[in-house]
Amino acid sequence: MSAWPSTRARRVLAALMRIGWVVKRQSGSHRTLSRPESADFVFAFHDNEEIGPRMLARIAKRTGLRPEDLCPRRDQITSRLSGRALRAAHRNVRRTSRWPLTAG
């Protein structure tokens with residue numbers, strides 16, 4: 001069994017940005033990501049596109065992504081939030097079962 005779950009491209013891109021990749025440029029759905037110590041990586045997926053385990057493993061090989069980067073722990077997310085934002089985040093998690101990625 002693979003360590004990689006199938007997941008949406010939006011979530012993979014968010015995980016890559018959390019580990020230090022930044023969008024250098026974009027043309028349509030092709031985003032060129034860069035990180036100082038690595039070669040540029042072209043992320044060519046639409047946000048709602050499902051990415052399977054084999055493709056995730058290939059992306060990980062070039063970017064350093066790990067399976068645990070895709071699903072951040074709740075305390076990592078909520079430690080950045082406080083007060084009203086924290087309560088709103090918990091409401092959103094219960095309502096949509098999706099983790100908020102930023103304190104907004």
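Definitions and limits used
- Residues numbered from 1 in each chain as written.
- Predicted model: local features only at pLDDT ≥ 70, side-chain atom pairs only at ≥ 80, totals over all residues.
- Heavy atoms only, no water.
- Helix = DSSP H or I, 4+ residues; strand = E, 2+ residues; numbered from the N terminus.
- Buried < 20%, exposed > 50% of the residue type's maximum accessible area, 1.4 Å probe, protein only.
- Polar contact = N/O pair within 3.5 Å; in protein donor to acceptor, adjacent residues only side chain to side chain.
- Contact = heavy atoms within 4.5 Å.
- Pairing = 2+ DSSP bridges.
- Axes fitted to C-alpha atoms, helices over the stretch in contact; angles between N-to-C directions.
- Salt bridge = Lys/Arg side-chain N within 4 Å of Asp/Glu carboxyl O.

**Student:** What exactly am I supposed to notice about the side chain of Arg35 here?
**Tutor:** Here Arg35 is to be found in strand S3 (residues 30–35). A relative accessible area of 17% places Arg35 in the buried class. Only 3.2 Å separates the side chain of Arg35 from the backbone oxygen of Ile19, close enough to count as a polar contact. Polar contacts involving the side chain of Arg35 include one to the main-chain carbonyl oxygen of Thr63, which spans 3.3 Å. Ignoring anything within four residues of it in the chain, the contact list for Arg35 reads Ile19, Gly20, Trp21 and Thr63.

**Student:** Would you mind going over the sheet that holds S3 with me for this structure?
**Tutor:** Taken in spatial order, the three strands of this open sheet run S2-S3-S4, and their pairing is antiparallel. Two strands bound the open sheet, and with one partner strand each, they are strand S2 (22–27) and strand S4 (38–44). For this sheet the average axis-to-axis angle between neighbouring strands, irrespective of direction, equals 25°. Pairing geometry for S2 and S3, over five bridges, is antiparallel. In the strand pairing of S3, Gln26 is matched with Arg31.

**Student:** I'm lost on helix H1 (residues 9–18) in this one. Help?
**Tutor:** Residue pairs spaced three or four apart in an α-helix point in one direction, given the helix's 3.6 residues per turn. Listing the buried residues of H1 in full gives Ala9, Val12, Leu13, Ala14, Ala15 and Leu16. Those residues of H1 hidden inside the fold are in contact with strand S1 (7–8), S3, S4, strand S5 (50–51), helix H2 (53–63) and helix H3 (67–70). Gly20 sits one or two positions beyond H1 and adopts a positive phi of about 115°.

**Student:** Where do I start with the pattern of salt bridges in this structure?
**Tutor:** Any two side chains of opposite charge can pair, on the condition that their charged atoms come close. Going through the model one piece at a time under the given rule, you end up with six salt bridges. Taking the shortest distance from any N to any O, the salt bridge between Glu50 and Arg8 comes out at 3.6 Å. Of this pair, Glu50 sits in strand S5 while Arg8 sits in strand S1, placing them 42 residues apart in sequence. Of the charged contacts in the structure, one is a salt bridge between Asp69 and Arg66, with a shortest N-O distance of 3.0 Å.

Without other data, these values stay purely geometric and don't point to any function.
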